[in-house]
Amino acid sequence: MKKSNKVDVDSFALLLNDEQKDYLKDLSENRKIYSSEYMRPKYHFYAAKGKMNDPNGLCFWNGNWHLFYQNDPEDRGWWWGHAVSKDLLHWEDLPLAVWAEKEKECWSGMVLIEEERAIAVYYGLNTGIMIATSSDPYLINWTKVNDGEPVIPMPEKGSEYMIFDPCIWKKGDTYCLASGRFSIDQNSKTRVRQIFLFESDILTDWKYTGKFIENDLFSRSDDDASCPYFLPCENKYLLISFSHHSGPMIMVGNYDDERQKFTLTGGRHLTSTSSFFGGLLAPSAFPESNRSLKLIHNITYYGDESFPYQIMSLPRTVTLGKSNKNDVLIKEAEEVASLRKEEGHVFKENIFLKANQEYFPTECFGDVIELDLTFEAKNVPLIDIKVMMSDDASEYSSIRIYRQRGNTYLPAFGPGFGYRSAHETVVALDTSYSSAGGNVRVPDEQAFYLAPDEKLTLKIFLDRSVIEVFVNGSVALSARVDPISGKNDRISITSRGEDLNIISLESYHLAL
């Protein structure tokens, strides 16, 4: 008998009061209504009531994954919504976890898991850093420490530190709290990403210890460090954050816990264009092991009333490169495979495609599918994959792979490498023609190193109004789309300039 991947709703019903039960009933009824809307995603999570923003406090507790998220269910400001899952995909709604009392709103933060309790830290708007704790089996009921007052109040004007989104970890018996924001460079007078560090033994009495980031060669002018997550990975540490200027980023470095400094040695921006207008936004992460992290983001809408909701990305797995520990590798979480349906499964192999010939795999179609492709493409300068294409091709989204057409990949540029073979491969997700209604965004481009004899593999996930692409277990791209044709389910592949061998093509219809 197949094991269920859904949380047993009845198992947490005894923890709910009547008000919470009524709230969950409202959410359930809303989901039934939303499920009939054509552009609502089928397997990406979204709020069942009101607006949704950043994911917060992704964590694993008592055998379940928990996702908290900024939620404005009643047009009263941001609170923390809550959902629980066994596999990061089949989410069950829970009542609001944390709501504003003495603080104006509950903004972003994270959750630290201890043996007998969970600790949530977050930014209380215009109030300071807030902390709440929970020990119940489903993290439904939370108690704010310090009588609901901020544990770190907003600093006075001219203070040497700033207060915004926090993250938390433990060093021995000492809690460390980092508030992500920015500082002003004294030479250039521009804003520079920075983290301000505090320490405490009891969660309520915090001492400021100084700036946390050193050797930040990867920030861009005017970056900030919102929604920070500071987590170990192998022999390195990762600082994952969101910049309102340049989007989400993962920074790699070494943690000197005696000096309490994080020295950067590598980093990767997770989008090359605006995070807004249908792009990737804030992160939430949690260690899966000492070698990998689980990561989830929110993906925004286009910013107009026709597309008024955000969604959560598919869960991702983050690791470091085998030979270069400053390389950040991102792929879809293995749990995503549980969405596959056997009905309609297609597998084809050894497809020869002549140069400049557009190939339509008619067996593979749909807008709620997974498309897996493996290419042997040593000399092909450009592969163009069109998805969500209308019958008349007036609407489509393009995934383009430019083999070894990017910048020089320095670790590969040495003895035994030709100049061209040391160039990065670039993948672009272009939604310029996704919607005849004009909802487009600047193409996102991500670069990765593909060795001369290495095969090219793509996993493409389509879900009505969202596209997510994972390439060679290395980079990921995401975008919202807004087709108006009503039937955008065709796929095509074109090889520009050179013949192409498609080693395998596989597609699955997906469903929760």
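Note: the structure precedes this text.
Below is a short write-up of the structure. Remember, predicted model here, so these are calculated numbers, not experimental data.

Parameters and conventions
Per chain, residues are indexed from 1 in the order of the written sequence. Residues qualify for local features only when their pLDDT is at least 70, as the model is predicted, and side-chain atom pairs are given and counted only at 80 or more; totals for whole chains, interfaces and linings, by contrast, use all residues. Calculation of side-chain values draws on the structure's entire complement of heavy atoms; hydrogens and water are dropped beforehand. Take the buried residues of types Ala, Val, Leu, Ile, Met, Phe, Trp, Tyr and Cys, join any two whose side-chain atoms come within 4.5 Å, and each joined set is a nonpolar core. Relative accessibility thresholds used throughout: buried, under 20% of the residue-type maximum; exposed, over 50%; partly exposed, between the two (1.4 Å probe, protein chains only). Only heavy atoms matter for contacts: two residues are in contact if any of them lie within 4.5 Å across the pair. Starting at the N terminus, helices and strands are each numbered in turn, a helix being any DSSP run of H or I of at least four residues and a strand any DSSP run of E of at least two. Each pair of strands is called paired provided DSSP finds at least two bridges between the two strands. Note on geometry: axes are lines fitted to C-alpha atoms, helical ones only across the stretch in contact, with angles between N-to-C directions running from 0 to 180 degrees. Any two rings among Phe, Tyr and Trp, with Trp reduced to its six-membered ring, count as a pair given centres within 6.5 Å; such a pair is stacked if its planes are under 30 degrees apart, edge-to-face if over 60, and tilted if neither.

### Focus on the nonpolar core
Membership of the largest hydrophobic core comes to 111 residues, with the highest contact counts inside it found for Phe375, Ile385 and Ile493. Contact partners of isoleucine 493, with chain neighbours within four places excluded, come to Leu353, Gln357, Glu358, Tyr359, Leu373, Phe375, Ile383, Asp384, Ile385, Leu500, Ile502 and Leu505. In this structure, Leu16, Trp79, Ala83 and Ala97 belong to the second largest nonpolar core, which totals 42 residues.

### Some remarks on the environment of glutamate 214
Note that glutamate 214 resides in strand β14 (residues 213-214). Measuring from C-alpha to C-alpha, the distance between glutamate 214 and leucine 264 comes to 6.4 Å, with 50 residues separating the pair along the chain. Other than its neighbours up to four places away in sequence, glutamate 214 contacts Arg259, Lys261, Phe262, Thr263 and Leu264.

### Observations concerning the sheet that holds strand β3 (residues 79-85)
Read from one edge to the other, the open sheet built from 4 strands follows the order β1-β2-β3-β4, with strand pairing classed as antiparallel. Two strands close off the open sheet at either side, each with one partner strand: β1 (51-61) and β4 (92-98). For this sheet, the mean angle separating the axes of adjacent strands, direction not counted, is 30 degrees. When strand β2 (residues 64-72) meets β3, the two strands line up antiparallel, connected through 7 bridges. By the bridge assignment, leucine 67 is partnered in β3 with alanine 83. Contacts from helix α2 (residues 18-34) reach β2 and β4, with the element oriented near 130 degrees to β4.

### Here we look at the packing of aromatic side chains
Aromatic ring pairs are described here by two measures, namely the spacing of the ring centres and the angle between the planes. This structure, assessed with the given rule, holds 29 aromatic pairs. Ring geometry for tyrosine 123 and phenylalanine 164: centres 5.2 Å apart, planes at 50 degrees, overall tilted. Here phenylalanine 164 lies in the loop between β9 (152-153) and β10 (166-171) and tyrosine 123 lies in strand β6 (residues 118-124), a separation of 41 residues in the sequence. Given the relative accessible area of 8%, phenylalanine 164 is considered buried. For the pair phenylalanine 230 and phenylalanine 262, a centre-to-centre distance of 5.1 Å together with 75 degrees between the ring planes defines the contact as edge-to-face. Of this pair, phenylalanine 230 sits in strand β15 (residues 226-233) while phenylalanine 262 sits in strand β18 (residues 261-269), placing them 32 residues apart in sequence.

### A closer look at the pairing of strand β19 (residues 280-287)
Of all 8 residues in β19, 7 are buried, a share of seventy percent or more. If you look at the hairpin formed by β19 and strand β20 (residues 293-299), you'll find 5 residues sitting between the two strands.

### What to know about the sheet that holds strand β16 (residues 236-243)
Ordered in space as β14-β18-β17-β16-β15, the 5 strands form an open sheet in which the pairing is mixed. Each having just a single partner strand, β14 and β15 make up the two edges of the open sheet. Looking at chain direction, β15 and β16 are connected through 6 bridges and run antiparallel. Bridge pairing in β16 places leucine 231 opposite leucine 238.

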